[in-house]
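The chain contents come next:
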Amino acid sequence: MLFLAATALTSLTGFAFPNKHVAPGIVIGILSLIVRTIAALARYGMRMSGPWRPIYVISSAIALYFNVFVFVVQSFEKVPALRALAPTQKEPPFAISQLLVLVLFVVATAFAVKRFPHGMGIADASIAPRKRAA
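Predicted model, so just to flag it, every value in this text is computed and none were measured. (Residues numbered from 1 in each chain as written. Predicted model: local features only at pLDDT ≥ 70, side-chain atom pairs only at ≥ 80, totals over all residues. Heavy atoms only, no water.)

**A look at the overall build of the chain**
Per the secondary structure count, the chain includes 6 helices and 0 strands. Written out in order from the N terminus, the α and β elements of the chain read α-α-α-α-α-α. The buried share among the 134 residues of the chain stands at 28%. Excluding contacts between residues fewer than 6 apart, the proportion of contacts in the chain whose partners are at least 24 apart in sequence is 60%. With an accessible surface of roughly 9300 Å², the chain has 73% of that area assigned to carbon and sulfur atoms. (Helix = DSSP H or I, 4+ residues; strand = E, 2+ residues; numbered from the N terminus. Buried < 20%, exposed > 50% of the residue type's maximum accessible area, 1.4 Å probe, protein only. Contact = heavy atoms within 4.5 Å. Areas by Shrake-Rupley, 256 points an atom, 1.4 Å probe, with all protein chains shown as cover.)

**Details of unusual backbone geometry**
If you check the backbone angles, Arg47 has positive phi at about 55° while not being a glycine. Here Arg47 falls in the partly exposed class, since its relative accessible area comes to 34%. Here the phi dihedral of Gln89 falls at roughly 60°; this positive angle occurs in a residue that is not glycine. Examined against the element boundaries, Gln89 turns out to sit in the loop between helix H4 (80-85) and helix H5 (92-115). A relative accessible area of 19% means that Gln89 is categorised as buried.

**With respect to the packing of aromatic side chains**
If you walk through the whole model with that rule in mind, you get 4 aromatic pairs. Ring centres 6.0 Å apart and planes at 45° place the aromatic pair Tyr65 and Phe66 in the tilted group. The pair formed by Tyr65 and Phe66 is uniform in burial state, with each residue classed as buried. Centre to centre, the rings of Phe76 and Phe94 are 5.2 Å apart; their planes meet at 90°, and the pair counts as edge-to-face. Taken together, the residues span a long stretch of sequence, with Phe76 in helix H3 (residues 52-78) and Phe94 in helix H5 at a distance of 18 residues. (Phe/Tyr/Trp six-rings, centres within 6.5 Å; stacked < 30°, edge-to-face > 60°.)

**Points about the nonpolar core**
Note that soluble globular proteins tend to have their nonpolar side chains buried in a common cluster. In this structure, Ile28, Val35, Ala63, Tyr65, Phe66, Val72, Val73, Phe76, Ala86, Phe94, Val101 and Phe105 together form the largest nonpolar core, which totals 12 residues. Elements with a contribution of two residues or more to this core: helix H2 (24-45), H3 and H5. In terms of residue count, the dominant contributor to this core is H3 (6 residues). In this structure, Val72 is in contact with Phe94, Ser97, Gln98 and Val101, ignoring residues within four places of it in sequence. One finds Leu4, Ala40, Ala42 and Met48 within the second-largest nonpolar core, a separate group that totals 7 residues. (Core = buried A, V, L, I, M, F, W, Y, C linked by side-chain atoms within 4.5 Å.)

**A short note on the confidence of the model for the chain**
Summarising the model, the chain shows a mean pLDDT of 87, and 88% of its residues fall at 70 or more. Here residues 125-129 scores under 50 on pLDDT; set against residues more than four positions off or in separate chains, the count is 2 contacts. (pLDDT = per-residue confidence, 0-100.)

Dropping the structure here:
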C-alpha cells in the first residue's frame, strides 16, 4: 500500500508545476499513474488471483522504473558532474545510464515474476483451511 501511494504522490506532485505545454515529464507521470492504477486493481480489486499476480508484479515494476527513469534525467540535469558529461542528455553517458537502468529493471522484473509465489491469491487465502497445532 505504501509503495503504490508514494508512487502516486510522486507522479501527482509533478502536475503541480506550471507547464505551458505537455512535456516528457508529464507524459511519464500519466503513464506512471496508469500502470500504478493497474497495480492497485490487481492487488486490491482482483486480490492477485490467477493472472493478476504477475500483472501486479509487472505493473509495480514499471511504475518504479518510471520513477527511476525520471531520477536519472533529473540527476543529469542537476548534478554538475553529470551535467558536464551530458549537457543536452543526448550524449552517450546519459544513454548508457538509461539503458543500464532499463536492463536492470527488465531482469529484476523477470526474476520477480518467476519467483513470486504462485498458487492461491489473497482472496483464496482467506477461505483456505488453517492447520491446527498438534
